[in-house]
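Examining the three-dimensional arrangement
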Amino acid sequence: MMTSIAISQVKQRFLLSLMLTVFLCCGDSDSSEVMLKSEPPLVTDHNREYTYSIRSVSDSNSELVVIEKQIPSWLSFDPESNILSGTAGWPNVNESFPVKLDLQQGDLSSELSYSIVVELGEIVCDQEFGNPEDSPYVLPYTLGETYTFGQVYCSENPAWGHHNWFAYDIDMGNGTIVLASREGEIIATKEDQPNIGGDCSGGKENFVFILHDDGTVMSYVHFTTDGVLVETGDRVVQGQEIGLSGNSGCSSGPHTHVALFKDRTNFDRQSTIPFNYSNADGPLDMNQGLVLMENYTAR
Ligand SMILES: [Zn+2]
């Protein structure tokens, strides 16, 4: 029967055609269909481009035309190249999107119908962070102070640390004043957890989350017990004192973990985005990110 991969409703159709063959024998039900060269990918990462090139392997010399299409808004279709492409992005993670295309090639016709599941993808670490002078963020500590960045973004070990995170760990010790890197609204705080470190059971960190006017959110984590100096709903300006550094929750020593999230819909590590500081006196890497174990003075 089908030597190439058929299109519409791939699996169900195949099964149906198999049943017809078994019960009715010798039906040539697919002879009038456009035959496709490859199956469409059914899963895509939220942050990578989905592409599917629709190509026929039938004997027809006629042009393959998409007569009718139903595709998700994040996909586009180029009729010149017969390529579907697009990046799902947020907030389409864990959603399923139907795709339906009516195809015609000479006398042949068919319907291509399937669903694309969008999964949470790994972040792309090799990104340009932008000129630090244009960064809207300042280091979260007092001018003139110097601290070591004990961990930076995108560590390689998937089992530990900042794998899949655009985040920094700043070794600020216990009880150091933490400042808002950018003005915004306090949307979440926690300060009732013990300042003992080493508890990775989840939810044991004291923190402050600040929503910026462009929709991004900065988290400041591991504050000491009762070490939050602001309240949810407060409006803070850049450089305002928001808390005291510490060692609460999943932490191997007193530090402040800072991460920047694309928006407030999702605080998974994969939804973090790269950032640097406008006032960090110290070396930057090729992407203009801050460097592991280097010292940075707030100037
Ligand atoms: Zn961290």
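This text goes with the structure placed above it.
So, here is what we can say about the structure in this document. This structure is a prediction, so every number in the text was calculated from the model and none was measured. (Residues numbered from 1 in each chain as written. Predicted model: local features only at pLDDT ≥ 70, side-chain atom pairs only at ≥ 80, totals over all residues.)

**A short note on the overall build of the protein chain**
If you tally the helices and strands in the protein chain, you get 1 helix and 18 strands. Looking at the 299 residues of the protein chain, the share that counts as buried comes to 31%. (Helix = DSSP H or I, 4+ residues; strand = E, 2+ residues; numbered from the N terminus. Buried ≥ 20, exposed ≤ 12 C-beta atoms within 10 Å, placed from the backbone.)

**A closer look at the pairing of strand β6 (residues 96-105)**
Two strands pair when backbone bridges link them, and strand β3 (residues 64-70) and β6 are joined in this way by 6 bridges, in the antiparallel orientation. In the sheet register, lysine 69 faces β6, and the bridge partner there is leucine 101. Taken together, the 10 bridges between β6 and strand β7 (residues 108-119) define a ladder with antiparallel strand orientation. Paired with glutamine 104 across the two strands is serine 109, which belongs to β7. (Pairing = 2+ DSSP bridges.)

**Quick notes on the sheet that holds strand β1 (residues 43-45)**
Taking strand neighbours across the sheet as the criterion, the 4 strands line up as β1-β7-β6-β3 in an open arrangement whose pairing is mixed. At either end of the open sheet lies a strand with only one pairing partner, and these are β1 and β3. Neighbour-to-neighbour, the strand axes of the sheet open up by a mean angle of 30 degrees, direction not taken into account. (Axes fitted to C-alpha atoms, helices over the stretch in contact; angles between N-to-C directions.)

**Section: the nonpolar core**
Among the nonpolar cores identified, the biggest contains 39 residues, and Phe166, Tyr168 and Tyr220 are the most heavily contacted of them. At the level of secondary structure, the elements contributing two or more residues to this core comprise β8 (146-151), β9 (167-171), β10 (177-179), β12 (207-211), β13 (217-221), β15 (241-244) and β16 (256-261). Val34, Met35, Leu36 and Leu101 belong to the second largest nonpolar core, which has 14 residues in total. (Core = buried A, V, L, I, M, F, W, Y, C linked by C-beta atoms within 7 Å.)

**Comments concerning the sheet that holds β16**
Spatially, 9 strands are ordered β14-β11-β12-β13-β16-β9-β8-β18-β17 in an open sheet, and the strand pairing comes out antiparallel. For this open sheet the edge positions go to β14 (235-236) and β17 (280-281), each flanked by a neighbour on one side alone. In this sheet, β16 lies alongside β13 in antiparallel orientation, the contact comprising 5 bridges. Counted as the bridge partner of tyrosine 220 is valine 258 from β16.

**Details of the environment of asparagine 164**
Relative to the elements of secondary structure, asparagine 164 occurs in the loop between β8 and β9. Taking the C-beta count within 10 Å as the criterion, asparagine 164 has 19 such neighbours and is therefore assigned partly exposed. When the C-alpha positions of asparagine 164 and cysteine 154 are compared, they lie 5.3 Å apart, and in sequence the two are 10 residues distant. Ignoring sequence-local partners within four residues, the contact set of asparagine 164 consists of Glu122, Ile123, Arg269 and Gln270. (Contact = placed C-beta atoms within 7 Å.)

**Quick word on unusual backbone geometry**
Phi is positive for asparagine 164, which is not a glycine, with a value near 65 degrees. In the Ramachandran plot, aspartate 226 falls in the positive-phi region, its phi being about 55 degrees despite a non-glycine side chain. Mapped onto the secondary structure, aspartate 226 falls in the loop between β13 and β14.

**Topic: the environment of leucine 103**
By secondary structure assignment, the location of leucine 103 is in strand β6. Through-space distance from the C-alpha of leucine 103 to that of isoleucine 67 is 5.9 Å; in sequence the pair is 36 residues apart.

**What to know about the environment of leucine 42**
Mapped onto the elements, leucine 42 comes out in the loop between α1 (10-24) and β1. Taking the C-alpha atoms as reference points, leucine 42 and valine 118, separated by 76 residues in sequence, lie 8.7 Å from one another. Every residue in contact with leucine 42, bar those within four places of it in the chain, is listed here: Tyr114, Ser115, Ile116 and Val117.

Interpretation note: all reported values are geometric properties and have no functional meaning in isolation.
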